[in-house]
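What follows is the residue order along each chain.
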Amino acid sequence: MRQACFDYLSFGGVFTNGPIALLSGVNPHPLSLVVHFFAAAVFGVGCLLLPFPSPKRMLIAARLNSGASSTIFPVIKAEGVREMFFPANVPTHYRAPPAK
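Residues numbered from 1 in each chain as written. Predicted model: local features only at pLDDT ≥ 70, side-chain atom pairs only at ≥ 80, totals over all residues. Heavy atoms only, no water.

Engineer: Provide a residue-level description of the overall build of the protein chain, including the pertinent values.
Structural biologist: Counting secondary structure elements, the protein chain contains 5 helices and 0 strands. Reading the protein chain from its N end, one meets helices and strands in the order α-α-α-α-α. Taking contacts inside the protein chain between residues at least 6 apart in sequence as the whole, the part at least 24 apart equals 49%. Taken as a whole, the protein chain presents about 7400 Å² of accessible surface, with 69% of it coming from carbon and sulfur. (Helix = DSSP H or I, 4+ residues; strand = E, 2+ residues; numbered from the N terminus. Contact = heavy atoms within 4.5 Å. Areas by Shrake-Rupley, 256 points an atom, 1.4 Å probe, with all protein chains shown as cover.)

Structure representation (structure tokens):
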């Protein structure tokens, strides 16, 4: 996964601007984090399977995909699925009901 992330960032352009904007706090959207995280994981799996998919490489690709999923799914759960994937439908703050 480390090599896949390094190779993904080495492309530059949008592949670098998105993750750097997340790290610097310029882009506060958590969905962008998920998109770039899975893009790097899919890129890593593609690099493993592209030249010649052997059983060993398929096993490594499955482990990479499993490791990426086990890393990002707790983040999605902690942030809230609704808040992460449908941010326009969630109010920015919750108010207490009016006192009677």
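Structure shown, so let's carry the discussion forward.
Engineer: Break down the environment of M1 for me, with residues and values.
Structural biologist: Structurally, the position occupied by M1 is in the segment before α1 (2-10). Along the sequence, M1 and G67 sit 66 residues apart, while their C-alpha atoms lie 8.2 Å from each other. With sequence-adjacent residues up to four places away left out, M1 is seen in contact with F37, A41, L64 and A68.

Engineer: Give a detailed account of helix α2 (residues 14-24), specifying residues and quantitative values.
Structural biologist: Of all the residues in α2, the buried ones are G18, P19 and A21. The arc enclosing the buried residues of α2, seen along the axis, measures out at 155°, which places them on a common side. Exposed side chains of α2 directed beyond 90 degrees from the buried face belong to N17, L23 and S24. Structurally, α2 contributes buried residues whose contacts are with α1 and α3 (30-49). In the stretch just after α2, G25 is the one whose phi turns positive, near 90°. (Buried < 20%, exposed > 50% of the residue type's maximum accessible area, 1.4 Å probe, protein only. Arc of directions from axis to C-beta.)

Engineer: Describe the packing of aromatic side chains, with residues and values.
Structural biologist: Going through the model one piece at a time under the given rule, you end up with 5 aromatic pairs. Residues F11 and F43 carry aromatic rings whose centres are separated by 5.2 Å and whose planes lie at 80° to one another, so their mutual orientation is edge-to-face. Of this pair, F11 sits in the loop between α1 and α2 while F43 sits in helix α3, and the two are 32 residues apart along the sequence. You can call F43 partly exposed: its relative accessible area is 22%. Here F38 and F73 contribute two aromatic rings whose centre-to-centre distance is 6.3 Å and whose plane-to-plane angle is 50°, an arrangement assigned as tilted. Of this pair, F38 sits in helix α3 while F73 sits in helix α4 (residues 55-79), and the two are 35 residues apart along the sequence. The partly exposed category is assigned to F38, whose relative accessible area is 23%. In this structure F73 comes out as partly exposed when scored by relative accessible area, which is 46%. An aromatic cluster is present here, built from Y8, F11, F15 and F43 joined pairwise through their rings. (Phe/Tyr/Trp six-rings, centres within 6.5 Å; stacked < 30°, edge-to-face > 60°.)

Engineer: Got a sec to walk through the packing of α2 against α3? Specific residues and values, please.
Structural biologist: As a packed pair, α2 and α3 sit with axes 10 Å apart at the nearest point and diverge in direction by 135°. What the angle tells us is that α2 and α3 run oblique. Every pair of crossing elements has a handedness; the one defined by α2 and α3 is left-handed. Contact residues: α2 offers V14, G18, P19 and L22, while α3 offers S32, L33 and H36. Grouping the constituent residues of the contact of α2 with α3 by class yields 4 nonpolar, 3 polar and no charged. (Axes fitted to C-alpha atoms, helices over the stretch in contact; angles between N-to-C directions. Parallel < 35°, antiparallel > 145°, perpendicular 65-115°, else oblique. Left-handed = near helix turned anticlockwise from the far one by under 90°. Nonpolar A, V, L, I, M, F, W, Y, C, P; charged D, E, K, R; others polar.)

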